[in-house]
Amino acid sequence: DDVQVRYLHEDEDLKARLAAGRFQDLQAGATRCGPHRHNYQFQYRSRDILLSGSQGQRRSIVLALRFAQFRLLAERLPSAPVLLIDDVLNELDQKRRSCFIDLIRKSEQAFLTNPDAESFSRLIAEFAGSCRIFHVDAGKVLEKISHEGS
């Protein structure tokens, strides 16, 4: 899909703002201005996805950013990064789920979490024994046999 991204930031001189707020930032223990505080607007067909997009569209944007970050790190680091994705399957339609699975296959190592065992079982079936499955319950981590499918 054709998505436009707008970087929303204040037009003031960042260096001057950082210098002016240095004392307060030190007291607060965090920098209160800068790119990490700026926002992005994602538009699809000239509409703000945050306001008019579906849950799946919004989640797809977040996943696209995560995969872009992953690819950038993979290009620049001496060893492959680990991809961490939490609770994604329930928010994606079949088309987006298939794209997600294709992207996961391209990663060297990924950790996926999902609270819904049924949808997670469908995902595991896509990887047919090429993954290890762990179940966390009451603070205990148990490895499950991957050919069980859940």
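Conventions adopted
- Residues numbered from 1 in each chain as written.
- Predicted model: local features only at pLDDT ≥ 70, side-chain atom pairs only at ≥ 80, totals over all residues.
- Heavy atoms only, no water.
- Core = buried A, V, L, I, M, F, W, Y, C linked by side-chain atoms within 4.5 Å.
- Buried < 20%, exposed > 50% of the residue type's maximum accessible area, 1.4 Å probe, protein only.
- Helix = DSSP H or I, 4+ residues; strand = E, 2+ residues; numbered from the N terminus.
- Contact = heavy atoms within 4.5 Å.
- Salt bridge = Lys/Arg side-chain N within 4 Å of Asp/Glu carboxyl O.
- Pairing = 2+ DSSP bridges.
- Patch = residues over 30% accessible without salt bridge, like charges linked within 9 Å, V, L, I, M, F, W, Y side chains within 5 Å.
- Areas by Shrake-Rupley, 256 points an atom, 1.4 Å probe, with all protein chains shown as cover.
- Axes fitted to C-alpha atoms, helices over the stretch in contact; angles between N-to-C directions.
- Parallel < 35°, antiparallel > 145°, perpendicular 65-115°, else oblique.
- Left-handed = near helix turned anticlockwise from the far one by under 90°.
- Nonpolar A, V, L, I, M, F, W, Y, C, P; charged D, E, K, R; others polar.

S.K.: What exactly am I supposed to notice about the nonpolar core here?
M.R.: Nonpolar side chains tend to gather and get buried jointly when the protein is soluble and globular. Judged by nonpolar contacts, the single largest core of 16 residues is most densely connected at L63, V88 and F100. Those elements that place two or more of their residues in this core are α4 (55–76), β4 (83–86), α5 (94–106) and α6 (117–127). If one sorts the elements of this core by residue count, α6 sits on top with four residues. Discounting residues that sit within four places of it in the chain, L63 has contacts with I85, V88, L92 and F100.

S.K.: For this particular structure, what's the right way to read the pattern of salt bridges?
M.R.: Pairing is possible between side chains of opposite charge, provided their charged atoms come close. One pass over the full model with this rule turns up three salt bridges. A salt bridge links R32 to D25; the nearest nitrogen and oxygen atoms lie 2.7 Å apart. Measuring nitrogen to oxygen at the nearest pair gives 2.9 Å for the salt bridge that ties D93 to R96. Residue classification places D93 among the partly exposed positions, given a relative accessible area of 36%. Note on R96: relative accessible area 18%, which makes it buried.

S.K.: For this particular structure, what's the right way to read the sheet that holds strand β2 (residues 39–44)?
M.R.: Within a beta sheet, neighbouring strands are joined by backbone hydrogen bonds and run either parallel or antiparallel to one another. The strand order across the open sheet built from three strands is β1-β2-β3, with neighbouring strands paired in antiparallel fashion. Edge positions in the sheet fall to β1 (3–8) and β3 (47–48), since each of these pairs with one other strand and no more. Where β1 meets β2, six bridges bridge the pair, whose relative direction is antiparallel. In the strand pairing of β2, Q4 is matched with Q43.

S.K.: When you look at a nonpolar patch on the surface in this model, what are you seeing that I'm missing?
M.R.: A contiguous nonpolar patch, built from V5, Y7 and Y40 and spanning about 310 Å² of accessible area, is present on the exposed surface. Position of Y7 relative to the elements: it lies in strand β1. Since its relative accessible area comes to 37%, Y7 is described here as partly exposed.

S.K.: Looking at this model, I keep getting lost on the packing of α4 against α5. Mind explaining?
M.R.: Two numbers describe a pair of packed helices, the interaxial angle and the distance between the axes. Direction vectors running N to C along α4 and α5 enclose 15°, while the axes themselves pass 12 Å from each other. Taken together, the axis directions place α4 and α5 in an arrangement best described as roughly parallel. Judged by the twist between their axes, the crossing of α4 over α5 is left-handed. The residues of α5 that touch α4, namely those facing G56, Q57, S60, L63, F67 and R71, are R96, F100, L103 and I104. A breakdown of the residues in the contact of α4 with α5 according to their chemical character gives five nonpolar, three polar and two charged.

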